[in-house]
Amino acid sequence: MTNQDRERVVEHVQAAFAEGRLDKDEMDERLHLAMTARTHADLLPIMNDLYGVRAEFDPGPRFPTEEPVPDAGERVGGAAAHLLTFCGLFVVGPLIMLLAGGRSSPYIRRHALEALNFHLTVLGATLLLPITVIGVILLPFIWILAFVLSVVGGVAALADGRFRYPLTVRLVK
């Protein structure tokens, strides 16, 4: 068994968590099991629960395949999902990209969903934090962080990378 086998299982567990099929505790337990696995037989229960496969460990066609490499247009679309907020389209920009390009490109969909969830979280924090004194003090820092992270997300999308915003409530799946 190689580290690639472990990493592939970790990717599937993380994808299942992102899709909402696992909660945080289940994900942590499965990641621990995957990273401490010594044989393929140790990895089987993790994948069996996720996909209902009862055969030998085979990272081939039974498990979801990797996304194809995005072309330049998809990368620009993914970056636009993050960067359209600077044009005043705070939540609407990622939503437009999700509806326009998300149906034809899983790459654009992933970046648009991530940007949409992040900006909904920032919007929620903007509405709820002014209730407290400390929230009023934190609000400018949150907006600066949102600006910086949007740029980082846009650059990551252009560079064909995966990007996940920290401290994001993922309401839209």
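What follows concerns the packing of aromatic side chains. In total, this model carries four aromatic pairs according to the counting rule given. Ring centres 4.9 Å apart and planes at 70 degrees place the aromatic pair Phe86 and Phe147 in the edge-to-face group. On the criterion of sequence distance, the pair formed by Phe86 in the loop between helix H4 (72–83) and helix H5 (92–101) and Phe147 in helix H7 (residues 133–158) is long-range, its members being 61 residues apart. Given a relative accessible area of 38%, Phe86 falls into the partly exposed group.

The next point concerns the nonpolar core. Counting 17 residues, the largest nonpolar core has Phe118 and Tyr165 as its most contacted members. Among the secondary structure elements, those contributing two or more residues to this core are H5, helix H6 (106–128) and H7. By residue number, the principal contributor to this core is H6, which donates seven residues. Ranked by size, the runner-up nonpolar core spans 13 residues in total, among them Ala16, Leu31, Ala37 and Ile46.

Right, let's get into the pattern of salt bridges. Applying the stated criterion across every chain yields a total of four salt bridges. A salt bridge links Glu114 to Arg164, with the nearest nitrogen and oxygen atoms 4.0 Å apart. Remark: Arg164 occurs in the segment after H7 and Glu114 occurs in helix H6; sequence separation between them is 50 residues. For Glu114, a relative accessible area of 6% puts it in the buried group. Close ionic contact of Glu114 with Arg170 constitutes a salt bridge, the shortest N to O distance being 2.5 Å. With Glu114 in helix H6 and Arg170 in the segment after H7, this residue pair connects regions lying 56 residues apart in the sequence. What makes Arg170 partly exposed here is its relative accessible area of 22%.

This part covers the environment of Ala125. Position of Ala125 relative to the elements: it lies in helix H6. Dropping the residues within four chain positions of it, Ala125 is found in contact with Pro130 and Leu139.

Turning next to a negative patch on the surface. A cluster of acidic side chains, namely Asp23, Asp25, Glu26 and Glu29, defines a negative patch on the protein surface. Here Glu26 is to be found in helix H2 (residues 24–35).

For the rest of this paragraph, the subject is the packing of H4 against H7. Running from N to C, H4 and H7 cross one another at 175 degrees; their axes reach a closest spacing of 7 Å. Looking at the two axes, H4 sits roughly antiparallel to H7. Where H4 abuts H7, its residues Arg75, Val76, Gly78, Ala79, His82 and Leu83 lie against Ser150, Val151, Gly153, Gly154, Ala157 and Leu158. Residue classes in the contact of H4 with H7 are distributed as six nonpolar, five polar and one charged.

How each quantity is defined
Residues numbered from 1 in each chain as written. Predicted model: local features only at pLDDT ≥ 70, side-chain atom pairs only at ≥ 80, totals over all residues. Heavy atoms only, no water. Phe/Tyr/Trp six-rings, centres within 6.5 Å; stacked < 30°, edge-to-face > 60°. Helix = DSSP H or I, 4+ residues; strand = E, 2+ residues; numbered from the N terminus. Buried < 20%, exposed > 50% of the residue type's maximum accessible area, 1.4 Å probe, protein only. Core = buried A, V, L, I, M, F, W, Y, C linked by side-chain atoms within 4.5 Å. Salt bridge = Lys/Arg side-chain N within 4 Å of Asp/Glu carboxyl O. Contact = heavy atoms within 4.5 Å. Patch = residues over 30% accessible without salt bridge, like charges linked within 9 Å, V, L, I, M, F, W, Y side chains within 5 Å. Areas by Shrake-Rupley, 256 points an atom, 1.4 Å probe, with all protein chains shown as cover. Lys, Arg positive; Asp, Glu negative; His and termini not counted. Charge placed at Lys NZ, Arg CZ, Asp CG, Glu CD. Axes fitted to C-alpha atoms, helices over the stretch in contact; angles between N-to-C directions. Parallel < 35°, antiparallel > 145°, perpendicular 65-115°, else oblique. Nonpolar A, V, L, I, M, F, W, Y, C, P; charged D, E, K, R; others polar.

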